[in-house]
Amino acid sequence: MKKALSIFLLLLSIYSNGQTYLKVNAFTTLLTLPNVGIETSIGNKSTFQFDILASPWKSINGKPRQFYTFIPEYRYHFHEKDNGFYIGGHIGATVFNFQKWNYINTNNYQKGFGYVVGVTIGYQTKINDKFMLDCFLGGGSQQGFYKGYYLSTGERYDKAKDYNKSGEWLPYRGGVMVSYRLN
């Protein structure tokens, strides 16, 4: 009961704290990878966004393609909030059952979790009182912890006792968010 009340109060405070937008990434949606988010005002030139990018496809052509990315982000707007350039900083989490990019032509896939730490740059423009476009590109350090498996047998191919670790500096987010103002 206390959890439900806390969540309700949090949502109420977000909703009552100025402009709040529900967002959908048009680019990734066309690729059947839903990316949805919510952005709300937290100061004169500051906003907070939380978004989720998902690939719910367990398998495409016999290869695992499932992942989920959760990214909370603080954004600083250089001019007017919701209209102009901004920069954001984020730390997020990922879970995946996926064949990594450098294993595409192999019999191997990876299953695990990770985190991302990075920045986003973007530009927002208002269409009217209710709609806005948010064009953005972001990236940073992606750190993964995974176990490697053979596609054919499901047995582990790696020699790691627990998890393999890998990290890359990558662009891992971008697109055009179509945003609808709630209040």
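Refer to the structure above for everything that follows.
So, here is what we can say about the structure in this document. What you see is a predicted model, and the numbers here were worked out from it, not measured in a lab.

**Some words on unusual backbone geometry**
- The phi dihedral of Thr32 falls on the positive side, at around 60°, and the residue is not glycine.
- For Asn61, which is not glycine, the phi dihedral falls at a positive 55°.
- What makes Asn61 exposed here is its relative accessible area of 77%.

**Observations regarding the nonpolar core**
- One finds Leu53, Phe67, Phe96, Tyr146 and Tyr157 forming the largest nonpolar core, which totals five residues.
- If we ignore the near neighbours within four places in the chain, the residues touching Tyr157 are Tyr103, Asn108, Tyr109, Gln110, Tyr146, Gly148, Tyr149 and Tyr150.

**What about the environment of Leu53?**
- The topology assignment puts Leu53 in strand β3 (residues 46-55).
- Spatially, the C-alpha atoms of Leu53 and Ser141 are 17 Å apart, while their sequence positions differ by 88 residues.
- Excluding residues that lie within four positions of it along the chain, Leu53 makes contacts with Thr28, Leu33, Pro34, Asn35, Phe67, Tyr68 and Thr69.

**Thoughts on the side chain of Lys100**
- Its place among the elements puts Lys100 in the loop between β5 (84-98) and β6 (108-126).
- Residue Lys100 is classed as buried on the basis of its relative accessible area, which comes to 13%.
- Ignoring any residue separated from it by four or fewer positions in sequence, one finds Lys100 in contact with Gln110, Tyr146, Ser166 and Glu168.

Thresholds, definitions, all that
- Residues numbered from 1 in each chain as written.
- Predicted model: local features only at pLDDT ≥ 70, side-chain atom pairs only at ≥ 80, totals over all residues.
- Heavy atoms only, no water.
- Buried < 20%, exposed > 50% of the residue type's maximum accessible area, 1.4 Å probe, protein only.
- Core = buried A, V, L, I, M, F, W, Y, C linked by side-chain atoms within 4.5 Å.
- Contact = heavy atoms within 4.5 Å.
- Helix = DSSP H or I, 4+ residues; strand = E, 2+ residues; numbered from the N terminus.

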